[in-house]
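For reference, the chains in residue letters:
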Amino acid sequence: MKKSILFIACLLLFVSVQAQSVTEQTKIKEFGLIWGFLKYHHPVLSDGKKDIDAEFLQHFKQLKDINDRKELNAFFLKWILSYGEVSEKVKKPKETYKFEKNLNLDWIQNEAFNVELQKTLLALRANVKNFKGHYAKLETLTRFVSFNEEKKLENFSPENLAHRMLTLFRFWNVVNYYDVNKYLADENWNDVLEHSIIQFLDANTAKSYDKTKTELIASLNDSHTFYIGKAYGLPRFKYKAAFQTTYINDTLVITKFWNKKLCQQNGVELGGTITEIEGKTVKEYIKANFGNLYNYANENVLMYRTQAVALYQEDRKEVNIRYTKPNSDQNASKTIQLFNIMEVDDQKESIAKQAHYGQKFYEINSKTAYIGLGYLEKKDLGKILKKSSKYETIIFDLRKYPKYVDLPKLTKWLYPNRSKFIKVLFPTKVPGLGEYDAEAPLSFVSDPFSGGRKNKKYYKGKVILLVNKSTISQAEYIAMAIQNSPNCITIGEQTMGAVMNITSIPMPEGPEINFTSMGAFYPDGTSVQRKGLKIDYKISQLASQPERDMMLEKALKLVD
């Protein structure tokens, strides 16, 4: 009996001790959550009165000696109070922000914090009048959010755990509080933090650090975001094929030779197609090998961004493919050679383009004209629109990124009255909240989200808009304005789904990371971020006949 009692007592003591212990991962996670919260919410830190990165590094050192939950809570509370007592008096702002999909402060009560620590954190959140915005400024004229006060960390080293974690938490907290599109990411942002901590703990070499950072950034699913660390990325692209490929319908089409002689040695021709790489379909291979390397809002973006590098290898000078010759239905497995990038840039040759490619204005027939918006210069639009008024149909092509399009002039020509063509979601001065169109940037000059004006002489013919997987950002914004015209039909394929502005986050070791800091919607509330533009007729190119423009052909059929 005594032995049983002693065993139970020991077991209870063991359970009690275990319940009070904290893992390194938990300590780091809670530390980073609190640091990011203080950075944007505390009146002293959000005012830039302290070097926020120095505060991170100084207090992070103390974590290694803390293993007990009670001690950890005491450490966090002492840290917060070192900047002054936290007032419990609530100061509410006049503004009310209704978009709360990104707001997530449940961790304050879900983590094993004691009552006093929870109370202190909640009091900081309630006092929104104290948020100074030093590290996240809303620009007065544009309402863009700026992170220009973020500094480069001298002597940054991936071997230093504190430096690696500063990278993780600077990026994670910016997105957590100021990316209004965060809710659209495939993975819950808190889950991203959980597994990223584990990865960053082990990423103590330049290559492993770059790999881990690249995968973290790719979690955004934002087509404006593009980062591949040099130590990780450059080796992946050491050896390339002697030709360029274009992705069409789960097929890579050979559209350009970098070196004609080497291509002939490999037995490939312009217009030839590749349907498998290393025993996998092209799409399966790209997703497996590049899915965690490239940031993409939808699959179409991933295929577009990797189409030219899909065959590249890090340590092999050959790759196995399934290849079909042009104008043939017979395919066979073959191995092609790869070459160092410097070896192949010679004897170029490409598939011939149709007559309208590269044209600013092209008369297809007496009733139909084509305008290549991607080629227009500042001086061009007015002259072209004047010339276009006589045609029954105008085809606008936005499959190439535009150099310059005077949108007020274009919408004035297209619209009978002033009309709103886009609804925009903004970040706010309260971290984690958003608001729609409350006060458009530069509204004292003009409302940039509406176009046109009362115009009896607006263009009354048919408008056809061509878009594809390369249509992104400003091109999508212009497309939405064109789609808002009275008689517009859109033809093409899913666009990149990144319509609004690009915001940059300076990172501790130097390079900036871009993301889309505003949300875009049609006036009816349909989201465009990630999804892309509304398409009336979904048309793709033909892998078997890459020289044909299937979208333009569809447009001409609708005209007839």
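Anything mentioned here points back to the structure above.
An account of the accompanying structure is given in this report. (Residues numbered from 1 in each chain as written. Predicted model: local features only at pLDDT ≥ 70, side-chain atom pairs only at ≥ 80, totals over all residues. Heavy atoms only, no water.)

Now for the packing of helix α15 (residues 380-388) against helix α16 (residues 407-414). Where α15 meets α16, the axes come as close as 10 Å, and the angle between the chain directions of the two elements is 15°. As the angle between them shows, α15 and α16 are arranged roughly parallel. Crossing hand, α15 versus α16: right-handed. Here α15 contributes Leu381, Gly382, Leu385 and Ser388 to the contact with α16, which in turn contributes Lys409, Leu410 and Trp413. Among the residues making up the contact of α15 with α16, the classes are represented as four nonpolar, two polar and one charged. (Axes fitted to C-alpha atoms, helices over the stretch in contact; angles between N-to-C directions. Helix = DSSP H or I, 4+ residues; strand = E, 2+ residues; numbered from the N terminus. Parallel < 35°, antiparallel > 145°, perpendicular 65-115°, else oblique. Left-handed = near helix turned anticlockwise from the far one by under 90°. Contact = heavy atoms within 4.5 Å. Nonpolar A, V, L, I, M, F, W, Y, C, P; charged D, E, K, R; others polar.)

By the burial criterion, the buried members of helix α18 (residues 550-559) are Met550, Met551, Leu552 and Ala555. Looking at the buried positions of α18, the neighbouring elements they touch are β12 (361-365), β13 (368-372), β14 (393-397), β19 (462-467) and β20 (488-492). (Buried < 20%, exposed > 50% of the residue type's maximum accessible area, 1.4 Å probe, protein only.)

Summed over the entire model, instances satisfying the criterion amount to 29 aromatic pairs. Seen in terms of ring centroids, Phe361 and Tyr391 are 6.0 Å apart; in terms of plane orientation they differ by 55°. Their pairing is tilted. Separated by 30 residues along the polypeptide, Phe361 in strand β12 and Tyr391 in the loop between α15 and β14 bring together distant segments of the chain. Judged on exposure class, the residue Phe361 and its partner Tyr391 are both buried. An aromatic cluster is built from Phe31, Trp35, Phe37, Phe56, Phe60, Phe75, Phe76, Trp79, Trp107, Phe113 and Phe169, whose rings are joined through pairwise contacts. (Phe/Tyr/Trp six-rings, centres within 6.5 Å; stacked < 30°, edge-to-face > 60°.)

On to the sheet that holds β14. For sheets, the rule is that strands pair by backbone hydrogen bonds, running either parallel or antiparallel. Sheet architecture is open: six strands sit in the order β12-β13-β14-β19-β20-β24, paired in mixed fashion. At either margin of the open sheet sits one strand with a lone partner, and together these are β12 and β24 (537-538). Taken together, the five bridges between β19 and β20 define a ladder with parallel strand orientation. Each bridged residue has a counterpart across the sheet, and for Leu466 the counterpart in β20 is Ile491. Along the sheet, helix α17 (residues 474-483) makes contact with β14, β19 and β20, crossing β19 at roughly 160°. (Pairing = 2+ DSSP bridges.)

Another aspect to go through is helix α3 (residues 52-60). The buried count for α3 comes to seven of nine residues, which makes it a mostly enclosed element. Within α3 the residues assigned to the buried category are Ile52, Asp53, Glu55, Phe56, Leu57, His59 and Phe60. Buried residues belonging to α3 abut α2 (24-41), α4 (69-81) and α7 (161-178). For α3, the N-terminal capping position is held by Asp51, with its side-chain oxygen 3.1 Å away from the main-chain nitrogen of Asp53. (Polar contact = N/O pair within 3.5 Å; in protein donor to acceptor, adjacent residues only side chain to side chain.)

So, about the pairing of strand β6 (residues 273-277). Where strand β5 (residues 251-257) meets β6, two bridges bridge the pair, whose relative direction is antiparallel. Bridge pairing in β6 places Leu252 opposite Ile274. Bridge analysis of β6 against strand β8 (residues 318-324) gives four bridges, and the strand direction is antiparallel. Along β8, the bridge assignment pairs Thr273 with Thr324. Bridge analysis of β6 against strand β7 (residues 280-281) gives two bridges, and the strand direction is antiparallel. Across the sheet, residue Glu276 finds its bridge partner in β7, namely Thr281. Adjacent in sequence and paired antiparallel, β6 and β7 are bridged by two residues, among which Glu278 carries a positive phi angle near 50°.

Our focus in this paragraph is the environment of Asn114. For Asn114, the position within the fold is in the loop between α5 (107-110) and α6 (115-126). For Asn114, a relative accessible area of 30% gives the class partly exposed.

Next up on the list: the environment of Leu166. Within the fold, Leu166 resides in helix α7. Judged by its relative accessible area of 0%, Leu166 is buried. For the pair Leu166 and Leu465, spaced 299 residues apart in sequence, the C-alpha separation works out to 45 Å. Look past the residues within four positions of Leu166 in its chain and what remains in contact with it is Trp35, Asp53, Phe56, Leu153 and Pro508.

On the basis of which strands lie adjacent, the open sheet formed by three strands has the order β17-β16-β23 and antiparallel pairing. A single partner strand is all that each edge strand has here, and the edge strands are β17 (434-436) and β23 (519-521). Within the sheet, the average angular offset between the axes of one strand and its neighbour, ignoring direction, is 20°. In terms of strand pairing, strand β16 (residues 423-427) meets β17 through three bridges, oriented antiparallel. Opposite Leu425, over in β17, you have Tyr436 as the bridge partner.

We now examine the pattern of salt bridges. According to the stated counting rule, one finds 25 salt bridges in the structure shown. A salt bridge links Glu377 to Lys403, with the nearest nitrogen and oxygen atoms 3.3 Å apart. On the criterion of sequence distance, the pair formed by Glu377 in the loop between β13 and α15 and Lys403 in the loop between β14 and α16 is long-range, its members being 26 residues apart. Accessibility expressed as a relative area gives 33% for Glu377, which makes it partly exposed. (Salt bridge = Lys/Arg side-chain N within 4 Å of Asp/Glu carboxyl O.)

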